[in-house]
Amino acid sequence: MGALCALATMDRQALRTQVAEGSSFKHVLEVVPPVRDLVHDFLRSRYTACLAALDKIRPALELDMYLGAHVDVLYALIRKRAIVQYFSPFDKVSLAKMGHVFGTSETEMEDEVSALIVEDKIQGRIDGHNKVLYASESDIRSEAFSRALSTASRYEENAHAVLLRMNLTRCGYVYDVRDGGDEAMEMRHETYEGGMASVIAMETDE
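From a predicted model like this one, the values you see are computed outputs, not experimental measurements.

Another point: the environment of glycine 99. By secondary structure assignment, the location of glycine 99 is in helix α7 (residues 95-101). Along the primary structure glycine 99 and glutamate 110 are separated by eleven residues, whereas in three dimensions their C-alpha atoms are 8.5 Å apart. Sequence-distant contacts of glycine 99, that is, excluding residues within four places in its chain, are made with Thr104, Ser105 and Met109.

Set out below in structure tokens:
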């Protein structure tokens, strides 16, 4: 039960480290070889084998007094996660090929993928004429734009620091180095005839 819930909710890395290879859970999986094998199939991207194994154990799960009422939802979540992970490394993939992997028709596969796009689980778009799923170019542009904004922000901070340093140098630094204590900074503003000048007094108590 725990392994199936993990399949439905965890990403690949968490599933590997906490379930398949986790010191506390790994021994539990060894007791139930069919579940252990389907978890490994999922991690190795063998989704056809994984889903076939799930179908084999489904009758027993439906008789479980705790899990039986939730089997449909659980299986749907596992299937959705499998489809999302299958597509993640691709720039584009044929819906017919996906349908073959997941045991369904091209049309039904298109419906499933469309629902995942609407749910924002898959960042992509469907070419309805050629029946091809493409990774969304907008995400690539958005990521590049975010990086550009971050770089510009850092540049602005650095430029501001340089200008501040130049202004403070023009106003003059006063360093007073003494023995003992921590370094402290005090800033005082004095008004001169030509405007406002900032004088920084640096006191060092070591």
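To continue, consider the pattern of salt bridges. Tallied over the entire structure, the rule returns eight salt bridges. The salt bridge partner of aspartate 37 is arginine 36, with a shortest N-O separation of 3.1 Å. Close ionic contact of glutamate 112 with arginine 79 constitutes a salt bridge, the shortest N to O distance being 2.8 Å. On the criterion of sequence distance, the pair formed by glutamate 112 in helix α8 (residues 106-118) and arginine 79 in helix α6 (residues 71-87) is long-range, its members being 33 residues apart. One salt-bridge network, in which partners are shared between bridges, spans Glu30, Arg36 and Asp37.

Here we come to the pairing of strand β2 (residues 124-127). Relative to strand β3 (residues 132-135), β2 runs antiparallel, the two being bridged by four bridges. In the strand pairing of β3, aspartate 127 is matched with valine 132. If you look at the hairpin formed by β2 and β3, you'll find four residues sitting between the two strands, and lysine 131 has a positive phi there, around 55 degrees.

What counts, and at which threshold
- Residues numbered from 1 in each chain as written.
- Predicted model: local features only at pLDDT ≥ 70, side-chain atom pairs only at ≥ 80, totals over all residues.
- Heavy atoms only, no water.
- Helix = DSSP H or I, 4+ residues; strand = E, 2+ residues; numbered from the N terminus.
- Contact = heavy atoms within 4.5 Å.
- Salt bridge = Lys/Arg side-chain N within 4 Å of Asp/Glu carboxyl O.
- Pairing = 2+ DSSP bridges.

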